[in-house]
Amino acid sequence: MKPLLSHFTTKNIACFILVLFCIQYIPIESRASISYLKLAVSALCPFIFITLTPKITKALFWCVLYYCLVVFAAIMHPASLRWSTVLFLCSFLLTYITYYNLIVAEKAFDSDFFIRILKGLILAYFATLVIQQIFIIIGITTFAPINLVQVLDRGIGANSLSYEPSTAARILTVLFLALLRMYELKYARSLSFQEIYKEAKWPTISFLWCMLTMGSGTAFIALGIISLYFIRRQYAFIVIPLLVVFYALIPYIDFEPLQRAYKTFNAFLTLDADIVRKADGSAASRVVPLVNTITSLDLMKWDTWFGHGVDYSLKDGMFSDTVLIGGIGDYGLLSFITMQILVFKCAITKFFSLETLIWIALFNMSLTNVPYTWGAIMIFTTSFFLKEKSYGKISME
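These figures come from a predicted structure and were not determined experimentally. (Residues numbered from 1 in each chain as written. Predicted model: local features only at pLDDT ≥ 70, side-chain atom pairs only at ≥ 80, totals over all residues. Heavy atoms only, no water.)

Caption draft 1: Spotlight on the packing of aromatic side chains. Throughout the structure, instances matching the rule amount to 20 aromatic pairs. Between Phe21 and Phe92, the ring centres sit 6.2 Å apart and the planes meet at 80°, which makes this aromatic pair edge-to-face. With Phe21 in helix α1 (residues 10–22) and Phe92 in helix α5 (residues 83–105), the pair connects residues that are 71 residues apart, well separated along the chain. For the pair shown, Phe21 and Phe92 are each scored as buried. Aromatic side chains Phe61 and Trp62 sit 5.0 Å apart centroid to centroid with 85° between the ring planes, which places their arrangement in the edge-to-face category. For Trp62, a relative accessible area of 16% translates into the label buried. Here the basic side chain of Lys11 rests over the ring of Phe113, its NZ or CZ set 4.7 Å away from the ring centre. (Phe/Tyr/Trp six-rings, centres within 6.5 Å; stacked < 30°, edge-to-face > 60°. Helix = DSSP H or I, 4+ residues; strand = E, 2+ residues; numbered from the N terminus. Buried < 20%, exposed > 50% of the residue type's maximum accessible area, 1.4 Å probe, protein only. Lys NZ or Arg CZ within 6 Å of the ring centre and 35° of its normal.)

Structure follows, in structure tokens:
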């Protein structure tokens, strides 16, 4: 039998961190904003960093700069300063720095191992969801051991391995896109849907089942984004008219998650926060900040650039006109710009990409104190690094 310490390799530690931040096992972690399990792992990350990968990388530089701007904005408004929020952000940044170094500096993963992780997570989400759906069908709507702890009243819709269907949809979308990118490396080109299905039959079926049956309007928006991957220029003159026809037919399709996505998208196009709030209360918490940012950002104010302090955005509620993307209301536009540099330097290869569209549409370009967002960024980071490694463009500077 191998000594216990022999299992604490860079690969195993990085894998554990990634999986932990991509799931939420509610019986242990709860649905609250604080997961003490994740917090404990984050607290260990500085020791992992010092012991296994004490190297200065661009992730370390940009994370430190971003955090300095956040702390500056927070302490400039002592009346609203709450150190717990600021320190939780620090814990996530430390975790990301450690993960980045393990992946990029120590090269903990190769593409084959990463593919196994991606497939395993997608299949785990699928298996959990199917079990939950079977329980719902037989009349058991809550059963904690299978992560079923709330009644959603969405038919067989359930939260699988996340807080709720919408967050599960986000993680699954990032997982599946990363899987597509890994097969691009294998074939040195983009693959058709038939080729992806042949290479990863069960992960593809699992992804589609989850997205179509979990009861999430966000999942349909995400499916629309992923579908863009398979549209080739030579078929655009056929596909675009078909999409227009499908869009016109949506009002006649009696399927609630699809209708919610349709109403939310149409409401967003109006750029009217009141219309968005009326369209879908659940989606409004994610769409209203984007609408407010587009329509209400005043670049001539000091507080726009340096923030109003901790929780300013929530002082009138999560649907108010003060809520902006990326914590701009709290920590300022300067910290937001630094955050975007961090993401596009370390996690997203190209600005004009599906990754960017997902970052904007599904994550509001925001690195918040929410673990699944950091899980998604870790997935993007690994995909980014393995692509750079394959093309011989690795850089930590």
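Anyway, onward from the coordinates.
Caption draft 2: Geometry of the nonpolar core. Counting residues in each nonpolar core, the largest one holds 111 residues, and the members touching the most others are Leu18, Tyr96, Phe109, Phe114, Leu172, Trp359 and Ile379. In terms of residues, this core owes the most to one element, helix α7 (residues 165–187), which gives 14 residues. In this structure, Val276, Val287, Val288 and Val291 belong to the second largest nonpolar core, which totals six residues. (Core = buried A, V, L, I, M, F, W, Y, C linked by side-chain atoms within 4.5 Å.)

Caption draft 3: Examining the packing of helix α4 (residues 58–75) against α5 more closely. Their axes nearest at 10 Å, the elements α4 and α5 cross at an angle of 175°. In this view, α4 runs roughly antiparallel relative to α5, as classed from their interaxial angle. Residue-level contacts link Lys58, Ala59, Leu60, Cys63, Tyr66, Tyr67, Val70, Val71, Ala74 and Ile75 of α4 to Trp83, Val86, Leu87, Leu89, Cys90, Leu93, Tyr96, Ile97 and Tyr100 of α5. Of the residues in the contact of α4 with α5, the class split is 18 nonpolar, no polar and one charged. (Axes fitted to C-alpha atoms, helices over the stretch in contact; angles between N-to-C directions. Parallel < 35°, antiparallel > 145°, perpendicular 65-115°, else oblique. Contact = heavy atoms within 4.5 Å. Nonpolar A, V, L, I, M, F, W, Y, C, P; charged D, E, K, R; others polar.)

Caption draft 4: Broad picture of a nonpolar patch on the surface. Judged by side-chain polarity, Ile134, Ile137, Ile138, Ile140, Phe143, Ile156 and Trp209 come together as a nonpolar surface patch covering roughly 640 Å² of accessible area. Relative to the helices and strands, Ile156 resides in the loop between α6 (111–137) and α7. (Patch = residues over 30% accessible without salt bridge, like charges linked within 9 Å, V, L, I, M, F, W, Y side chains within 5 Å. Areas by Shrake-Rupley, 256 points an atom, 1.4 Å probe, with all protein chains shown as cover. Salt bridge = Lys/Arg side-chain N within 4 Å of Asp/Glu carboxyl O.)

Caption draft 5: Structural context of the environment of Ala74. Its place among the elements puts Ala74 in helix α4. Along the primary structure Ala74 and Leu342 are separated by 268 residues, whereas in three dimensions their C-alpha atoms are 20 Å apart.

Caption draft 6: Highlighting the pattern of salt bridges. By the definition in use, this model includes eight salt bridges. Its salt-bridge partner being Glu195, residue Arg189 comes within 2.8 Å of it at the nearest N-O pair. Put simply, Arg181, Glu184 and Glu355 are held in one network by salt bridges that share partners.

Caption draft 7: Representation of the side chain of Asp330 in the model. With respect to the element layout, Asp330 can be found in helix α16 (residues 328–331). No salt bridge is formed by the buried Asp330. Its closest oppositely charged neighbour is Arg82, at 7.9 Å. Leave out the neighbours within four places in its chain, and Asp330 touches Ala73, Gly307, His308, Gly309, Val310, Asp311, Tyr312 and Ser313. (Lys, Arg positive; Asp, Glu negative; His and termini not counted.)

Caption draft 8: Broad picture of the packing of α7 against helix α9 (residues 201–213). Contact pair α7 / α9: the axes reach a minimum separation of 10 Å and the direction vectors enclose 155°. Considering the angle they form, α7 stands roughly antiparallel to α9. Crossing hand, α7 versus α9: left-handed. In contact with Ala169, Leu172, Thr173, Phe176 and Leu179 of α7, α9 contributes Pro203, Thr204, Phe207, Cys210 and Met211. (Left-handed = near helix turned anticlockwise from the far one by under 90°.)

Spatial relationships are all this shows, so hold off on functional conclusions.
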